[in-house]
Amino acid sequence: MTATLEVAEGVGTIRLDRPPMNALDIATQDRLKELAEEATRRDDVRAVVIYGGEKVFAAGADIKEMQAMDHAAMVVRSGALQESFTAVARIPKPVVAAVTGYALGGGCELALCADFRVAADNAKLGQPEILLGLIPGAGGTQRLARLVGPSKAKDLIFTGRHVKADEALTMGLVDRVVPAAEVYEQAHAWAARLARGPAIALRAAKESVDAGLETDIDTGLAIERTWFAGLFATEDRERGMRSFVEEGPGKAKFA
């Protein structure tokens, strides 16, 4: 298998496993889609970590595989490529990327699909497709610009340069930088904390933010309002409010 899903403490870890650099070939892309859909379905998965191992997150697409493809072949394949990454982005649960070593091209685009990115202090991220006469094709032109703003996104996409962890943190490309040996532990701990939260409310929060970013403020507020009112029909809302009234804030147990 080029990727696996393992579950512990309510956290499903999607582990890339294609040595030596976790190149994202077609088989791995398709496998990511399968695992994202499985993580979405499974009730025992309440949060997700995406991890490439101790040395590298993912160094990009399989260039030799792509070199053999012509325009007609990529017209067909590009939709499936984007669908595999979008499946990760649309997991309706908290998702954290644990980034070690290189996260380049498709690897960076995969990290962009997460809600939160914990990076090793030796991590390097970037979108070097321009150096191949290409542009990012798995969501990089869209998700990167939405995350760090169009100017910073164009800097990375136009030049193809790599950024080290400290610069990635400054520009908002990653959210936390930790020693390399602690990346997975800290990512899993963050995900495990959220896995103990109210699952439906977390889904509502994620979908409200993500959908709201794609539309105007009035439509975004309508999305928020619908979810907010709907949560009053959930057991978690009853449990959370009852705990607040009887025990004070922050003591409700949801999982």
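Our structure is the block above this text.
Since this is a predicted model, take the numbers as computed values, not measurements.

Okay, the sheet that holds strand 5 (residues 102–104) next. Here three strands make up an open sheet; going across it, the order is 5-7-8 and the pairing mixed. Two strands lie at the open edges of the sheet, namely strand 5 and strand 8 (162–164), each paired on one side alone. The sheet shows a mean angle of 20 degrees between the axes of neighbouring strands, taken without regard to direction. Relative to strand 7 (residues 124–126), strand 5 is paired through three bridges, and the arrangement is parallel. Looking across to strand 7, one finds that Leu-104 is bridged to Gly-126.

Our next topic: the nonpolar core. Residues Val-48, Phe-57, Val-99, Leu-110, Leu-125, Leu-144 and Leu-173 are the most contacted members of the largest nonpolar core, which totals 45 residues. Here this core gets five residues from one element, more than from any other, and that element is helix 3 (residues 71–89). Counting residues in each nonpolar core, the second largest holds 16 residues, with Ala-47, Ala-120, Val-178 and Trp-190 among its members.

Here Arg-117 shows up in strand 6 (residues 116–120). By relative accessible area, Arg-117 is classed as buried at 3%. In the structure, Arg-117 is positioned 58 residues away from Asp-175 in sequence and 5.3 Å away in space, judged by C-alpha atoms. What Arg-117 contacts, discounting residues up to four positions off in sequence, is Ala-97, Ala-111, Leu-112, Leu-147, Leu-173, Val-174, Asp-175 and Arg-176. Only 2.9 Å separates the side chain of Arg-117 from the backbone oxygen of Ala-111, close enough to count as a polar contact.

Conventions used here
- Residues numbered from 1 in each chain as written.
- Predicted model: local features only at pLDDT ≥ 70, side-chain atom pairs only at ≥ 80, totals over all residues.
- Heavy atoms only, no water.
- Pairing = 2+ DSSP bridges.
- Helix = DSSP H or I, 4+ residues; strand = E, 2+ residues; numbered from the N terminus.
- Axes fitted to C-alpha atoms, helices over the stretch in contact; angles between N-to-C directions.
- Core = buried A, V, L, I, M, F, W, Y, C linked by side-chain atoms within 4.5 Å.
- Buried < 20%, exposed > 50% of the residue type's maximum accessible area, 1.4 Å probe, protein only.
- Contact = heavy atoms within 4.5 Å.
- Polar contact = N/O pair within 3.5 Å; in protein donor to acceptor, adjacent residues only side chain to side chain.

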